[in-house]
Each structure stands twice: as structure tokens, then as C-alpha cells.
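Listed below, chain by chain, are the residues.
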Amino acid sequence: VVAADGGLEGVRLAAEHAGALRAVLLDLTMPDLAGDAVFARIRQAQPDLPVVLMSGYGEAEVMARFAGARVSGFLHKPFDSARLMETLGRV
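Now for a look at the structure at hand. Starting afresh in each chain, residues are numbered from 1 along the sequence in its written order. Note on the predicted model: pLDDT of at least 70 is required for a residue's local features to be given, and 80 or more for side-chain atom pairs to be given and counted; whole-chain, interface and lining totals, by contrast, use all residues. Only hydrogens and water are set aside; all other atoms, that is, all heavy atoms of the structure, feed into the side-chain values.

1. A short note on the pattern of salt bridges
At step 1: Here a salt bridge means any side-chain nitrogen of Lys or Arg lying within 4 Å of a carboxyl oxygen belonging to Asp or Glu. Counted by the stated rule, this structure contains five salt bridges.
At step 2: Linking R12 and E9 is a salt bridge whose minimum nitrogen-to-oxygen distance equals 3.6 Å. Highlighted residues: R12 and E9, both in helix 1 (residues 7–16), separated by three residues, approximately one helical turn.
At step 3: Think of it in three bands: residues with accessible area under 20% of the maximum for their type are buried, residues over 50% are exposed, and the middle band is partly exposed, with areas taken using a 1.4 Å probe on protein chains only. By relative accessible area, E9 is classed as partly exposed at 25%.
At step 4: Of the charged contacts, one joins K77 and D27 as a salt bridge, the two residues approaching to 2.9 Å between their closest N and O atoms. Separated by 50 residues along the polypeptide, K77 in the loop between strand 3 (73–76) and helix 4 (81–90) and D27 in strand 1 (residues 24–27) bring together distant segments of the chain.
At step 5: We classify K77 as partly exposed; its relative accessible area is 31%.
At step 6: Residue classification places D27 among the buried positions, given a relative accessible area of 16%.
At step 7: Salt bridges sharing common partners tie together E9, R12 and E16. The way it works is that DSSP assigns letters per residue, a run of H or I at least four long becomes a helix, a run of E at least two long becomes a strand, and they are numbered from the N terminus.

Fair warning: the whole summary comes from geometry, so function is off the table for now.
Written out as C-alpha cells, the structure reads:
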């Protein structure tokens, strides 16, 4: 597990650990760079890396924002560890 404190650090760490990461769990609300911008940068650099979005917003609203963007999964906050493991297991 590699944890980032904000969007810019997340982009940097995704690049730094390219090839070693199996998936990204991405919150849409973060300091210094919004989740949609982080998603776009990660997707551009590593198009096959699964990205699971998480948000307190509803799934339909989030997925409409990311229509056509190849989102690998969605977790509605709050969620428990079982739901996290189920979602990551699918991706």
C-alpha cells in the first residue's frame, strides 16, 4: 500500500511506483488537485492501471461525471473493509 496526502502526491507516487501498483483507490475530494484531474493524469500515464473511485456523492452522479473514462469501480463512503476487499478483488 502506498498512501498519498493529496492529489499531486498521488500522481507523483503513481508514476514513481509504475509497474508495481495493481490498482489505485482514488477519493474525488483531495487537497491540491481534484480527483478528476488525478484520474486523468494517472489514466494518461498508465492506461491499464485499474482506478477505483470513492466518494460521499452518489454513484450515479460520479459515474455521469466520468462517463466514458473507464472507471474500474466505485465505493460509496462510508464503506467497510469487506466492501473494500470485494471491490478490489473484482478489479
